[in-house]
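In case you want the letters, here they are:
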Amino acid sequence: MLDYAEPVTKLIDEFKRLPGVGHKSAQRLAFYLLKATPEEADRLIEAIREVKEKITFCSICNNLTDVDPCRYCDNPTRDHTMICVVEEPYNLVAIEKTREYHGLYHVLHGALSPIRGIGPDELKIRSLIERLRPQDDAPEVEEVILATNPNTEGEATANYLSRLLKPLGVRVTRIGMGLPVGSDLEYADEVTMHKALTNRHVM
Amino acid sequence: MPLRDTEAFVLRSYTLKEADKICVFLTRDAGKIRGVAHGARKLKSKYGASLEPFTEVSLHYFEQENRDLVSINNCEIIRSQFADTISSERLAALHYLSELLMEFLPDHEPNETIYRLVGAALKSLRQTGDDPSLLLRYCEVWILKLAGFFPDWRRCAECERELPMNVPVWLSADGAPQCANCSNQRGDALTSETRMLVNDILRMPPEKFVAQIFDPRALTKLESIVARLIKNTLERELKSYEMLGRLRSL
Ligand SMILES: [Zn+2]
Ligand SMILES: [Zn+2]
C-alpha cells in the first residue's frame, strides 16, 4: 500500500467500501480510472452526483424515484387495487421485467432479521398499513401480493405481514416457490421440491 | 487439500461478492467452522435451500492450508427448518440461538454434546409453537454451561461450601453464587423456584422440559440472570435478544 501515491490509496480505499469489492477489485477499478480520459472520469463523477441529488424515495411506495410520487404510484393506467410488496427497489425491477403485473408496489427496504437488529420498526410497514385504509380519492386496495425473498427471512417477513394485514379485510397472497425454469428435477434439493409440490396447481 | 465430510448445522450465511456466500457451520467433527460456498447466490445454485439457517446438512469440504476459511465442495440437506411455517417469533428464536452459538463457541473445537443439544432443541422448537421462550431458557443455560460461563449453583464460589436447595443463595454482581456468610446476604437472592428451574434444565431433555409448566416469576428471573451473564461476558447484549421481545409481543 505504501507504494502508491496518497490520492491513489484514497481512491482504492473508497472503492473498498462498496459492497462486494475487495482489495484487488478496488485496485483494478482505481487503475482503470487512472488510465481513463478526463471526460470519462467526469461522466462518472456527474452520474454519481446526479443520483445523489435527484433520486429520493417515493413518499407512497418507498421506491427510488426522481419524481414524487413515483411513476408507478402516479400512473392512472396501473391497477390501484393491487399492491406487490418487495424487499428492495431492485426486486421491483425483476417483477416489472415479466410485464405480467400492472398493479402498484411497496418497498419494505429489507426483511426481518433479528440477528442484524432489523425488526418491524426498521422496515416500511407502517406506511403499507396506511395505504390499506380507505381513502376518499383512491380505489380501495383489494389484494396485497407478498413478494419477499424465498428464504428464511423473507418467509418470516411474509408471515408477519400476512398476520398483520388479513384482519384489515384485504386478500393476502404469496408468490409461488419452487423450481427455477430451465433446471432439472434431478438437481432439486428436497426443500425446494417440497415447496414446488405444495404449490402445485390443477391443469 | 484433504476432503473432509461431517454432519453440520448452518448457523449463518453472509453474502460474499456477487455470487458467493460465506457460511458458519456447527459441525459434529470439527466444531464451528467458516466456509465459502461458490455460486450459492445464483438462482440455479446447486446449494438450493441447504444454506438456510439451522438446516442440518451432510457437508463435504476442503481444508485450505494456512487458511481459516474452508472451501465447500458439496452440501446435502438432512433436515431443514424451512419445511415448517416460519413465523417471526420462530425466526427470532433461530437467530438468537445462532447468535448464542456463534458468540460462545470457540472455532474448530468439536463438541458432541453441543451438537446433540442443537439437534434436540430444533426438534423441540416444533413443539413450542409461537412461544419458544421455555426452549430458549433451556438452550441459554446449556450453551453457557458447556462454554464454561454458567456457574455451578450447587457450591459457594467463595468458600466452596455445598449449597443444598433449602439453603439461601445470593448471586454476586458477576453472577457467582455465594452462601449467606460470604455474600453478607447482599446481592441477588435466588429463590428455590429459580434454582429448581435450572436443576430441571440440567437433568431433562429439551422435549420433556418444554412440556412442563413453571413458575413465571422464576422464568423471568432466570432470563434476567442469563441476560446479565451474557452482557458481562461479551460486554454487550446480543443483537437478536431485544428483537425476541419485540417480535413476541405481536
Ligand atoms: Zn411510488
Ligand atoms: Zn461461602
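Residues numbered from 1 in each chain as written. Chains lettered and ligands numbered in written order. Predicted model: local features only at pLDDT ≥ 70, side-chain atom pairs only at ≥ 80, totals over all residues.

Enquirer: Explain the pairing of strand 6 (residues 171-174) of chain A to me, and be specific about the residues and the numbers.
Expert: Residues and elements named next belong to chain A. Note that strand 5 (residues 143-146) and strand 6 share four bridges and pair parallel. Bridge pairing in strand 6 places Leu 146 opposite Arg 174. Once the chain exits strand 5 it traverses helix 6 (residues 152-165) before rejoining the sheet at strand 6, and the crossover so formed is right-handed. (Pairing = 2+ DSSP bridges. Helix = DSSP H or I, 4+ residues; strand = E, 2+ residues; numbered from the N terminus. Right-handed = clockwise from strand over helix to strand, strands pointing away.)

Enquirer: Summarise the environment of Val 226 of chain B; cite the residues concerned and give the values.
Expert: Positionally, Val 226 of chain B belongs in helix 7 (residues 216-234). Setting aside chain neighbours within four positions, we find Val 226 of chain B in contact with Glu 140, Val 141 and Leu 144 of chain B. (Contact = placed C-beta atoms within 7 Å.)

Enquirer: So what's going on with the environment of Ala 37 of chain B? Which residues, and what values?
Expert: In this structure, Ala 37 of chain B sits in strand 3 (residues 31-37). Beyond its immediate chain neighbours, meaning those up to four positions away, Ala 37 of chain B contacts Asp 20, Lys 21, Cys 23, Tyr 47, Leu 51 and Ile 72 of chain B.

Enquirer: So, the pairing of strand 1 (residues 3-16) of chain B: which residues are in play, and what are the values?
Expert: Residues and elements named next belong to chain B. Inspection of the sheet shows strand 1 paired to strand 4 (residues 56-62) by seven bridges, in the antiparallel sense. Counterpart to Glu 7 in the pairing with strand 4 is Ser 58. In this sheet, strand 2 (residues 20-27) lies alongside strand 1 in antiparallel orientation, the contact comprising eight bridges. Bridge pairing in strand 2 links Ala 8 to Thr 27.

Enquirer: If you had to explain the sheet that holds strand 4 of chain B to someone new, which residues and values would you point to?
Expert: All names here are of chain B. Taking strand neighbours around the barrel as the criterion, the five strands line up as 1-2-3-5-4 in a closed arrangement whose pairing is mixed. Neighbour-to-neighbour, the strand axes of this sheet turn through a mean angle of 50 degrees, independent of strand direction. Across the sheet, helix 1 (residues 88-104) is in contact with strand 1 and strand 2; its angle to strand 1 comes to roughly 110 degrees. (Axes fitted to C-alpha atoms, helices over the stretch in contact; angles between N-to-C directions.)

Enquirer: Outline the domain arrangement of chain B, listing residues and values.
Expert: Residue and element names in this part refer to chain B. Here chain B is described as being made up of domain 1 (1-83) and domain 2 (86-250). One C-alpha centre belongs to domain 1, the other to domain 2; they are set 29 Å apart. At the junction of the two partners, domain 1 supplies 15 residues and domain 2 supplies 15 residues. Counting only elements with at least two residues in the side of domain 1 that touches domain 2, the list comes to strand 1, strand 2 and strand 3. Per-class residue counts for the side of domain 1 that touches domain 2 are eight nonpolar, two polar and five charged. (Domains from an automatic or database assignment. Nonpolar A, V, L, I, M, F, W, Y, C, P; charged D, E, K, R; others polar.)

Enquirer: Let's hear about helix 6 of chain A: which residues, and what values?
Expert: Between its first and last C-alpha, helix 6 of chain A extends 20 Å over 14 residues, near the 20 Å set by a 1.5 Å rise per residue. Buried residues along helix 6 of chain A sit in contact with strand 3 (79-86), helix 5 (126-132), strand 5 and strand 6 of chain A together with helix 1 of chain B. (Expected span 1.5 Å × (residues − 1).)

Enquirer: Please give an account of the environment of Ile 22 of chain B that cites residues and values.
Expert: Residues and elements named next belong to chain B. Turning to its location among the elements, Ile 22 is positioned in strand 2. Exposure remark for Ile 22: the 17 C-beta atoms within 10 Å place this residue in the partly exposed category. The spacing of Ile 22 and Leu 51 is 29 residues in sequence and 9.8 Å in space, taken between C-alpha atoms. If sequence neighbours within four positions are ignored, Ile 22 has contacts with Ser 13, Tyr 14, Leu 16, Arg 34 and Val 36. (Buried ≥ 20, exposed ≤ 12 C-beta atoms within 10 Å, placed from the backbone.)

Enquirer: Give me unusual backbone geometry: which residues, what numbers.
Expert: Here the amide bond leading from Asp 68 of chain A into Pro 69 of chain A is cis, since omega sits at -5 degrees, within 30 degrees of zero. One can find Pro 69 of chain A in the loop between strand 2 (64-65) and strand 3. Its identity is not glycine, yet His 109 of chain A carries a phi of approximately 65 degrees, on the positive side. Note that His 109 of chain A resides in the loop between strand 4 (103-107) and helix 5. One non-glycine residue, Glu 160 of chain B, lies in positive phi territory at about 65 degrees. With respect to the helices, strands and loops of the structure, Glu 160 of chain B is situated in the loop between helix 3 (133-146) and strand 6 (169-171). For Glu 160 of chain B, a count of 10 C-beta atoms within 10 Å corresponds to the exposed category.

Enquirer: Explain the sheet that holds strand 6 of chain A to me, using residue names and the numbers behind them.
Expert: All names here are of chain A. Here four strands make up an open sheet; going across it, the order is 4-3-5-6 and the pairing parallel. Among the strands making up the open sheet, the edge pair consists of strand 4 and strand 6. Strand-to-strand twist across the sheet, computed as the mean angle between neighbouring axes with direction ignored, equals 25 degrees. Bridge analysis of strand 3 against strand 4 gives five bridges, and the strand direction is parallel. Residue Val 85 lies in a different strand from strand 4, and its bridge partner there is His 106. The strands that helix 6 touches are strand 3, strand 5 and strand 6; relative to strand 5, the one it contacts most, it runs at about 165 degrees.

Enquirer: Give a description of the nonpolar core that names residues and reports values.
Expert: If you look at the biggest cluster of nonpolar residues, it comprises 97 residues, and the most contacted ones within it are Cys 61, Val 85 and Tyr 105 of chain A together with Phe 25, Tyr 96 and Cys 139 of chain B. For this core, the element with the highest residue contribution is helix 1 of chain B, accounting for nine residues. In this structure Cys 61 of chain A touches Cys 70, Tyr 72, Cys 73, Leu 104, Tyr 105, His 106 and Val 107 of chain A, once residues within four positions along its chain are discounted. (Core = buried A, V, L, I, M, F, W, Y, C linked by C-beta atoms within 7 Å.)

Enquirer: Which residues make up the confidence of the model for chain A, and what values go with them?
Expert: Across chain A, the average pLDDT comes to 92, with 99% of residues at or above 70. Taken element by element, chain A is modelled with least confidence in helix 7 (residues 190-198) of chain A, mean pLDDT 86, and with most confidence in strand 4 of chain A, mean pLDDT 98. (pLDDT = per-residue confidence, 0-100.)

Enquirer: Describe the packing of helix 1 of chain B against helix 3 of chain B, and please don't skip the residues or the numbers.
Expert: All names here are of chain B. Two numbers describe how helix 1 lies on helix 3: the axes approach to 11 Å, and their chain directions differ by 5 degrees. The pairing of helix 1 with helix 3 is recorded here as roughly parallel in orientation. Judged by residue contacts, Ala 93, Tyr 96, Leu 97, Leu 100, Leu 101 and Phe 104 of helix 1 engage Leu 136, Cys 139, Glu 140, Ile 143 and Leu 144 from helix 3. Residue classes in the contact of helix 1 with helix 3 are distributed as 10 nonpolar, no polar and one charged. (Parallel < 35°, antiparallel > 145°, perpendicular 65-115°, else oblique.)

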